[in-house]
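Geometric and topological summary
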Amino acid sequence: MEIKAILGDITKQADVEAIVNAANESLLGGGGVDGAIHRAAGPDLVKECRTLGGCRTGDAKITSSYDLPCKYVIHTVGPIYYGGKSGEEEKLSSCYRRSLEVALEKGIRSVAFSSISTGVYGYPLDKASKTGVDTVFDFVSKHPSSFDLIEWVCFDGLTLKYYEEQINDHGRSALRGL
Ligand code: APR
């Protein structure tokens, strides 16, 4: 299995079954990647989201993808960063864990994450990328052979650099046999 980070627009990702949206608790859309995903998916996405009754911070819920090239959208709600002493790390880690649990339940084997909470929600990139990558590596080590590809689709070069560094810190050899 492969874990990697690439530069790109997550709404165009056709190499994965599911993309992970950085949503808000209403699940009714917003700006940033949330807005981009809803625009690309079309109006049926928010119609399905309305049936879900929102999503708590740290949790994740799944919908169809409509006009997007992937098959599913997993909506997760990251924490707003208030300085790091309000449980932000655990909530962010929970976003990644719950997103992969939801994927596993659906038999999804390829997932693309956006950089959860590092835009509007102000989570520092160095901390968020470490928490995200550590959580993903921990999850796949506990669920070997459950995924073929997990990637981060980064919208800019700085974000890409942080996720690449974190993934390299885990060492590629760690992936063999997972
Ligand atoms: N593809 C990939 N990544 C993207 C895209 C895109 N098309 N558009 C934006 N991003 C990146 C941002 O550059 C940032 O690195 O997604 C990352 C997350 O930023 P935000 O979208 O601002 O998400 P977040 O910080 O989690 O804030 C969520 O913003 O849009 C609202 O409704 C959303 O209230 C919620 C809040």
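Up top is the structure these notes are about.
Quantities reported herein were computed from a predicted structural model and do not represent experimental measurements.

Time to look at the packing of aromatic side chains. According to the stated counting rule, one finds 6 aromatic pairs in the structure shown. Aromatic pair Y96 and F113: ring centres 4.7 Å apart, planes at 50 degrees, arrangement tilted. In this pair, Y96 is assigned in helix α3 (residues 88–106) and F113 in strand β5 (residues 110–113), connecting sequence segments 17 residues apart. Judged by its relative accessible area of 1%, Y96 falls in the buried class. Taking 5.9 Å as the distance between ring centres and 50 degrees as the angle between the ring planes, the aromatic pair formed by Y96 and W152 counts as tilted. On the criterion of sequence distance, the pair formed by Y96 in helix α3 and W152 in strand β6 (residues 149–154) is long-range, its members being 56 residues apart. Assessed through its relative accessible area of 0%, W152 is described here as buried. An aromatic cluster is defined as three or more aromatic residues linked by ring pairs; in this entry it consists of Y96, F113, W152 and Y163. The ring of Y162 has K161 sitting right over it, with the charged end atom 4.6 Å from the ring centre.

This brings us to the pattern of salt bridges. Taken as a whole and judged by the stated rule, the model has 9 salt bridges. In this structure, R98 engages E101 in a salt bridge whose closest nitrogen and oxygen atoms are separated by 2.7 Å. Residue R98 and its partner E101 are located together in helix α3, separated by 3 residues, close to a single helical turn. The exposure class assigned to R98 is partly exposed, which follows from its relative accessible area of 23%. Residue classification places E101 among the partly exposed residues on the basis of a relative accessible area of 28%. Because the salt bridges share partners, they merge into one network encompassing D59, R98 and E101.

Here we come to the packing of α3 against helix α4 (residues 125–142). Where α3 contacts α4, the two axes come as close as 9 Å, and the packing angle between them is 40 degrees. As the angle between them shows, α3 and α4 are arranged oblique. Judged by the twist between their axes, the crossing of α3 over α4 is right-handed. In this structure, α3 uses E89, L92, S93, Y96, R97, L100, E101 and L104 to contact α4, whose residues at the interface are A128, T131, G132, T135, V136 and F139. Classifying every residue of the contact of α3 with α4 gives 7 nonpolar, 4 polar and 3 charged.

Basis of the calculations
- Residues numbered from 1 in each chain as written.
- Predicted model: local features only at pLDDT ≥ 70, side-chain atom pairs only at ≥ 80, totals over all residues.
- Heavy atoms only, no water.
- Phe/Tyr/Trp six-rings, centres within 6.5 Å; stacked < 30°, edge-to-face > 60°.
- Helix = DSSP H or I, 4+ residues; strand = E, 2+ residues; numbered from the N terminus.
- Buried < 20%, exposed > 50% of the residue type's maximum accessible area, 1.4 Å probe, protein only.
- Lys NZ or Arg CZ within 6 Å of the ring centre and 35° of its normal.
- Salt bridge = Lys/Arg side-chain N within 4 Å of Asp/Glu carboxyl O.
- Axes fitted to C-alpha atoms, helices over the stretch in contact; angles between N-to-C directions.
- Parallel < 35°, antiparallel > 145°, perpendicular 65-115°, else oblique.
- Left-handed = near helix turned anticlockwise from the far one by under 90°.
- Contact = heavy atoms within 4.5 Å.
- Nonpolar A, V, L, I, M, F, W, Y, C, P; charged D, E, K, R; others polar.

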